[in-house]
Amino acid sequence: MTHSTGIKVRGYHLDLYGHVNNARYLEFLEEARWTFFEECADLPAFLSSGIALIVVNINIDYRYPATMNDQLVIETAVKSVGNRSAVIHQCVKLAGSDTVVAEADVTFVAFDGKQNKAVAIEGKLRELLTGLQHQA
C-alpha cells in the first residue's frame, strides 16, 4: 500500500540558495509518516499500546532542488518488516510529474516504554506493518 501526502514549499523551508534546506526534508518525511499511520491504521489504538516506532536510521538521496511554492507529494509505504526492525520507503516528487526530489529509507524499531528497550515486531504490530507493505 502506498500513501500520498501533499506539502507546499514555503519561504521558511528554504536555504540561502532558494532551495528547500536538507534538514526540512526530515520534517516533510515525518509529517508524511504521521499522516500515513493516521489514515491507514488505527493510530490512537496503536499509541495507547505502549509501543512506539523509533527511528534508528534515515538514508536520504537528494535528487532535484525543490523551491518556493512547489507542490510536493510524498509517497510512503512499508518496504520491509524484519524480526526487530522495519523499513519505510518514502519518495518525494514534484506534484503532477515524475520528477523525484528526494528518496529515503527510514529504519525503525518497536520500542516498549515499560521495558525501556526495543522488542520483537510480532502480533498485531506485525499484522499492521505487513498489511501496509507495498506490493511491487
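As a reminder, the structure under discussion sits directly above these lines.
First things first, this report covers the structure right here in the doc.

Definitions and cut-offs
- Each chain has its residues counted from 1, running along the sequence as written.
- Predicted model: local features are reported for residues with pLDDT of at least 70 only, side-chain atom pairs are reported and counted for 80 or more only, and whole-chain, interface and lining totals are derived from all residues.
- Working from all heavy atoms in the structure, the side-chain values ignore hydrogens and water.
- Note on definitions: the grid is 1 Å and covers protein atoms alone; a cavity is a set of points where a 1.4 Å probe fits but cannot get out; a pocket is an open set with protein on both sides within 12 Å along at least five of seven lines; lining residues have an atom within 4 Å of a point.
- Grid points are joined across faces, edges and corners, and a volume is the space filled by probe spheres set on the points.
- Each helix is a run of H or I in the DSSP string that is no shorter than four residues. Each strand is a run of E no shorter than two, and both are numbered from the N terminus.
- Classes in brief: Ala, Val, Leu, Ile, Met, Phe, Trp, Tyr, Cys and Pro nonpolar; Asp, Glu, Lys and Arg charged; the others, Gly included, polar.
- Each residue's exposure class comes from its accessible area (1.4 Å probe, protein chains only) as a fraction of the maximum for that residue type: buried when under 20%, exposed when over 50%, partly exposed otherwise.
- Here, two residues are considered to be in contact whenever any of their heavy atoms come within 4.5 Å of each other.
- Counting rule for disulfides: a pair of cysteine sulfur atoms within 2.5 Å.
- Grouping buried Ala, Val, Leu, Ile, Met, Phe, Trp, Tyr and Cys residues that are joined through side-chain atoms within 4.5 Å yields what is termed a nonpolar core.
- Every patch collects residues that have over 30% relative accessible area and no salt bridge, joining them within 9 Å if they carry like charges and within 5 Å if they are nonpolar side chains (Val, Leu, Ile, Met, Phe, Trp, Tyr).
- Throughout, the Shrake-Rupley method with a 1.4 Å probe supplies accessible areas, and for residues the shown protein chains are the sole cover considered.
- Take a side-chain nitrogen of Lys or Arg and a carboxyl oxygen of Asp or Glu: if they are within 4 Å of each other, that pair is a salt bridge.
- As used throughout, the charge tally considers Lys and Arg to be positive and Asp and Glu to be negative, leaving His and the chain termini uncounted.
- Here the site of a charge means NZ on Lys, CZ on Arg, CG on Asp, or CD on Glu.
- By the criterion applied in these results, polar contacts are pairs of N or O atoms within 3.5 Å in which, for protein atoms, one can donate a hydrogen and the other can accept it, and in which residues neighboring in sequence qualify only through two side-chain atoms.
- Between 30 and 60 degrees the pair is tilted, below 30 it is stacked and above 60 it is edge-to-face, where a pair is any two Phe, Tyr or Trp rings, Trp via its six-membered ring, whose centres lie within 6.5 Å.

## Considering the layout of surface pockets
Point 1. Size it by volume and the largest pocket reaches roughly 310 Å³.
Point 2. Residue assignment for the lining of the largest pocket shows that the elements contributing at least two residues are α1 (22–40), α2 (43–48) and β2 (51–62).
Point 3. A class-by-class count of the residues in the lining of the largest pocket yields eleven nonpolar, no polar and two charged.
Point 4. For the lining of the second largest pocket, the elements supplying multiple residues, two or more each, are α2 and α3 (123–131).
Point 5. Ranked by the residues each element gives to the lining of the second largest pocket, the list is headed by α3, at three residues.

## Considering unusual backbone geometry
Point 1. Positive phi is not limited to glycine here, since N69 has a value of about 70 degrees.
Point 2. Secondary-structure assignment places N69 in the loop between β2 and β3 (71–81).
Point 3. By relative accessible area, which is 45% here, N69 ends up partly exposed.

## Quick notes on the environment of A118
Point 1. Mapped onto the elements, A118 comes out in strand β6 (residues 117–119).
Point 2. When the C-alpha positions of A118 and G50 are compared, they lie 12 Å apart, and in sequence the two are 68 residues distant.
Point 3. Not counting residues within four places of it along the chain, the set of residues in contact with A118 comprises R84, V109, A110 and F111.

## Some remarks on the state of the cysteines
Point 1. In total, this model carries zero disulfides according to the counting rule given.
Point 2. Note on C91: no disulfide assigned, nearest cysteine sulfur contributed by C40 at a separation of 17 Å.
Point 3. A residue is classified by how much of its surface remains accessible, and C91, at 7% relative accessible area, is buried.

## Some points on the nonpolar core
Point 1. Y25, F28, A66, L72, I74, V92 and V101 are the most contacted members of the largest nonpolar core, which has 17 residues in total.
Point 2. Elements with a minimum of two residues in this core: α1, β3, β4 (85–94) and β5 (100–112).
Point 3. If sequence neighbours within four positions are ignored, V92 has contacts with L29, L72, V73, I74, T99, V100, V101 and A102.

## Brief notes about a negative patch on the surface
Point 1. A cluster of like negative charges, contributed by E30, E31, E38 and E39, occupies part of the molecular surface.
Point 2. By relative accessible area, E39 is classed as exposed at 56%.

## What to know about the side chain of D112
Point 1. Mapped onto the elements of the fold, D112 is located in strand β5.
Point 2. We note that D112 is buried and unpaired, the nearest opposite charge coming from K114 at a distance of 6.1 Å.
Point 3. Of the polar contacts made by the side chain of D112, one reaches the backbone nitrogen of K114; its length is 2.8 Å.
Point 4. Apart from the residues within four sequence positions on either side, D112 is in contact with G50, I51, K117 and V119.

## Thoughts on the packing of aromatic side chains
Point 1. Evaluated as defined, the whole model comprises three aromatic pairs.
Point 2. With centroids separated by 5.8 Å and ring planes inclined at 75 degrees, the aromatic side chains of Y25 and F28 adopt a geometry described as edge-to-face. Taken together, the residues span about one helical turn, with Y25 and F28 both in helix α1 at a distance of three residues. Side by side, Y25 and F28 carry an identical accessibility label, which is buried.
Point 3. Grouping aromatic residues by their ring pairs yields a cluster made of Y25, F28 and Y62.

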